[in-house]
Amino acid sequence: MTDNNQAFYKALAYRERTGLCIICREKPAVRMTCSHIACMERWCGMKTVGSNKAAIKVEFEARELQWALAVAKERESSKRGTTARDKRYRSESDNAPKHDDIETHRIGILGELAAAKVLRGKMNTDFGVTGKDMPDLVIGGIKIEVKTLQGYLAFREDGDFRRGIAILVTHQKGENITVQGWIDAPAFHEKKFYADFGYGKRPCVHPQDMRPIMTLREQLEIGVLVR
Ligand SMILES: [Zn+2]
């Protein structure tokens, strides 16, 4: 375990035990810090340093970025129970998709595309309404869920990751799309910790506790993973 990783876990444990800001250790914590700007900045620094040693940053071509935006708009409209085609005949104010929702989809799609590029896989471009139980990527019959998040791999609850493989792709506001690593469900539950960043307690794994992404590609190529 690296020093940074250890500091991260200690900070979580400290916040849990004392309810105090993990940086100044004086004022009550709102989430992880007391919300003083200097404390928040230091905590954000701690979070962003935590990258996997074998992480791969993925660059996109202009046509890939355009494609991701088009798919994001399609997903947003399918989620809203209408198709892009229907929407052309509606007024803008009536049922216009929210910019933030499209951006969330776009980042998720870029994450899937980044993982597919690194793994040389084919993306599943079927549009799911909820995304639940629908694997993002299927390579050689193995379900791979790609989570594109700002910090570490997190699921809503323990039951959300029971089978297959999860890949963590990180980003900073849609930039610096980086494939961090992969983990299977048993390893996730062995290494997980719980963190509450304002949305309730979530099981999480630090990027540094995930396996190098290139080892997944090797294993997928030789086909040793159990389906
Ligand atoms: Zn503080």
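Residues numbered from 1 in each chain as written. Predicted model: local features only at pLDDT ≥ 70, side-chain atom pairs only at ≥ 80, totals over all residues. Heavy atoms only, no water.

## Thoughts on the packing of helix H3 (residues 62–79) against helix H6 (residues 99–119)
Phase 1: For the pair H3 and H6, interaxial distance at closest approach is 8 Å and the crossing angle is 125°. By the angle between their axes, H3 is oblique relative to H6. As for the relative orientation of H3 and H6, their crossing is right-handed in sense. Together, Glu64, Leu65, Trp67, Ala68, Leu69, Val71, Ala72, Lys73, Arg75, Glu76 and Lys79 of H3 and Asp101, Ile102, His105, Arg106, Ile109, Leu110, Glu112, Leu113 and Lys117 of H6 make up the contact between the two elements.
Phase 2: The residue inventory of the contact of H3 with H6, partitioned by class, reads ten nonpolar, one polar and nine charged. (Axes fitted to C-alpha atoms, helices over the stretch in contact; angles between N-to-C directions. Helix = DSSP H or I, 4+ residues; strand = E, 2+ residues; numbered from the N terminus. Parallel < 35°, antiparallel > 145°, perpendicular 65-115°, else oblique. Left-handed = near helix turned anticlockwise from the far one by under 90°. Contact = heavy atoms within 4.5 Å. Nonpolar A, V, L, I, M, F, W, Y, C, P; charged D, E, K, R; others polar.)

## Focus: the pattern of salt bridges
Phase 1: Counted according to the given criterion, the structure contains seven salt bridges.
Phase 2: With a shortest N-O distance of 2.8 Å, glutamate 64 and lysine 117 are connected by a salt bridge. With glutamate 64 in helix H3 and lysine 117 in helix H6, the pair connects residues that are 53 residues apart, well separated along the chain.
Phase 3: Since its relative accessible area comes to 34%, lysine 117 is described here as partly exposed.
Phase 4: Here arginine 106 ties to glutamate 103 by a salt bridge, and the two come within 2.9 Å at their closest N and O atoms. One end of the pair, arginine 106, and the other, glutamate 103, are both in helix H6, three residues apart, so they sit about a helical turn from each other.
Phase 5: On the accessibility criterion, arginine 106 (16% relative accessible area) is buried.
Phase 6: Given a relative accessible area of 22%, glutamate 103 falls into the partly exposed group. (Salt bridge = Lys/Arg side-chain N within 4 Å of Asp/Glu carboxyl O. Buried < 20%, exposed > 50% of the residue type's maximum accessible area, 1.4 Å probe, protein only.)

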